[in-house]
Amino acid sequence: MNFSYLALGDSYTIGECVPAAESFPAQTVQQLRSAGIAVEEPRIIAVTGWTTDELKAGIQQAGIQGNQYDFVSLLIGVNNQYRGRSVEEYESEFTGLLQQAIGFCKKGAAQVVVLSIPDWGVTPFAADRNTEQIAREIDLYNDANKRIAAQYHVRYIDITPFTREAKSDASLVASDGLHPSGKDYSRWAGLISPVFKQMISGK
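Everything quoted here is computed from the prediction, not taken from an experiment.

1. Focus on the packing of aromatic side chains
For step 1, the next point in the chain: Evaluation of the coordinates by the stated rule reveals 11 aromatic pairs.
For step 2, the next point in the chain: Ring pairing ties together the aromatic residues Phe3, Tyr5, Phe71 and Phe196, which thus form one cluster.

2. Some remarks on the sheet that holds strand E2 (residues 43–46)
For step 1, the next point in the chain: What the 5 strands build is an open sheet, ordered E2-E1-E3-E4-E5; its pairing is parallel. Each of the sheet's edge strands pairs with one partner strand only, and the pair in question is E2 and strand E5 (155–157). Pairs of neighbouring strands in the sheet enclose a mean axial angle of 20°, with direction left out of account.
For step 2, the next point in the chain: Taken together, the 4 bridges between strand E1 (residues 5–9) and E2 define a ladder with parallel strand orientation. Pairing of leucine 8 across the sheet is with isoleucine 45, part of E2.
For step 3, the next point in the chain: Taken strand by strand, helix H2 (residues 24–34) contacts E1, E2, strand E3 (71–74) and strand E4 (112–115), and its axis lies near 155° from that of E1.

3. Here we look at the pairing of E3
For step 1, the next point in the chain: Residues Phe71 and Ser73 point to one face of E3 and Val72 and Leu74 to the other, with burial holding for every one of them.
For step 2, the next point in the chain: Of the pairings in the sheet, the one linking E1 to E3 comprises 4 bridges and is parallel in character. Directly across from tyrosine 5, in E3, lies its bridge partner phenylalanine 71.
For step 3, the next point in the chain: Bridge count between E3 and E4: 3 bridges; the pairing is parallel. Looking at E4, one finds that serine 73 is bridged to valine 113.

4. Points about the side chain of serine 73
For step 1, the next point in the chain: On the secondary structure map, serine 73 appears in strand E3.
For step 2, the next point in the chain: Other than its neighbours up to four places away in sequence, serine 73 contacts Tyr5, Leu6, Ala7, Leu8, Phe24, Val113 and Leu115.

5. A look at unusual backbone geometry
For step 1, the next point in the chain: If you check the backbone angles, cysteine 17 has positive phi at about 75° while not being a glycine.
For step 2, the next point in the chain: Summarising the element assignment, cysteine 17 is placed in the loop between helix H1 (11–14) and H2.
For step 3, the next point in the chain: Among the residues examined, cysteine 17 registers a relative accessible area of 39% and is labelled partly exposed.
For step 4, the next point in the chain: Non-glycine residue histidine 153 carries a positive phi angle of around 60°.

6. Some points on the side chain of glutamine 81
For step 1, the next point in the chain: Along the chain, glutamine 81 turns up in helix H4 (residues 78–82).
For step 2, the next point in the chain: A residue is classified by how much of its surface remains accessible, and glutamine 81, at 6% relative accessible area, is buried.
For step 3, the next point in the chain: Those residues in contact with glutamine 81 that sit more than four places away from it in its chain are Trp120, Ile134, Glu137, Ile138 and Tyr141.

Each value, and the rule that gives it
Residues numbered from 1 in each chain as written. Predicted model: local features only at pLDDT ≥ 70, side-chain atom pairs only at ≥ 80, totals over all residues. Heavy atoms only, no water. Phe/Tyr/Trp six-rings, centres within 6.5 Å; stacked < 30°, edge-to-face > 60°. Pairing = 2+ DSSP bridges. Helix = DSSP H or I, 4+ residues; strand = E, 2+ residues; numbered from the N terminus. Axes fitted to C-alpha atoms, helices over the stretch in contact; angles between N-to-C directions. Contact = heavy atoms within 4.5 Å. Buried < 20%, exposed > 50% of the residue type's maximum accessible area, 1.4 Å probe, protein only.

Laid out in structure tokens, this is it:
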């Protein structure tokens, strides 16, 4: 049996500026395969710059209604924060997206994961910006998505601390000075793949 994986998101999900094989969905699949678990190539619905409403439209355009997958991940919101949108708007739209993600999963909420939003404020791209404000706003967004994930009994994976280590480790940043490197994505996958394995075993 081959397991299927749907990854919903934005630039962090497609792995902007790194080879496709180094994105976190691809590395998650590779780690599972290395553990002897047969997993298909991930189905990724994500575009750099997408906000919550744009992801919703992208899902509609992808024509996957009626499809179901063994695993679904959702990581969205950084562009809402970047564009100065309210956390209240995000909460409403994120809730709708999480409901969709659960609907796309064969086992519902039991095999869906929400990932926290990275803190881009520590990257070279943000050197001339108010990094403390960015961190505070990212924390508010993550407080919201974590709370909503808990309401829907969905597993939550906090990768934000990893991304903040880029402040003192340039190898964790891709060549654009903004997005994570494949090295950082491998650490994300190292958190996600054990969760997927637990889900398979029913633990």
